[in-house]
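Structural features, examined
Spelled out, the chains give:
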Amino acid sequence: MDFSNGELTVMEMLWKGECLDENGEIQALELSKLLNEKYGFGKTSCYTFFGRLLEKGAITRRYPKYTIKPLISREEALRKQQQEAIERIGRAVQQECRD
């Protein structure tokens, strides 16, 4: 799973868990405020990152109040990233061998 720097920052905050409630969730507005305080991220940027993470299946969202929850662990994300890197290298090697 490939994350941009901003998406990874959001996921790191979720993985640490300090901002999550007893159900492992946080309202998107609250998370965007925390990201602004700690990293200077604007609200629009935060919601862009949230949307991308939803599309990638890294977080889930429920209404009301746009409550989000991480769906994958740091370890799962790392495994997926390693597997994708191995596949990219394999394709590159195959292409090189054909040429």
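The text that follows walks through the structure, step by step, so that each part is easy to find. Predicted model only: the values in this text are computed from it and were never measured.

Focus: the pairing of strand β2 (residues 59–62)
- Here β2 pairs with strand β3 (residues 67–70) via four bridges, running antiparallel. Across the sheet, the residue bridging to Arg 61 is Ile 68, located in β3.
- In sequence, β2 turns back onto β3 through a hairpin of four residues, with Lys 65 there showing a positive phi of about 70 degrees.

Describing the pattern of salt bridges
- Inspection of every chain in the model, using the stated rule, returns three salt bridges.
- The partner of Glu 7 in a salt bridge is Lys 56, with the nearest N and O atoms 2.6 Å apart. Highlighted residues: Glu 7 in helix α1 (residues 5–16) and Lys 56 in helix α3 (residues 43–56), separated in sequence by 49 residues.
- Classification of Glu 7 as buried rests on a relative accessible area of 2%.

Some remarks on the pairing of β3
- One ladder, built from two bridges, connects strand β1 (residues 26–27) with β3; its direction is antiparallel. Note on β3: the bridge partner recorded for Gln 27 is Thr 67.

Analysis parameters
Residues numbered from 1 in each chain as written. Predicted model: local features only at pLDDT ≥ 70, side-chain atom pairs only at ≥ 80, totals over all residues. Heavy atoms only, no water. Pairing = 2+ DSSP bridges. Helix = DSSP H or I, 4+ residues; strand = E, 2+ residues; numbered from the N terminus. Salt bridge = Lys/Arg side-chain N within 4 Å of Asp/Glu carboxyl O. Buried < 20%, exposed > 50% of the residue type's maximum accessible area, 1.4 Å probe, protein only.

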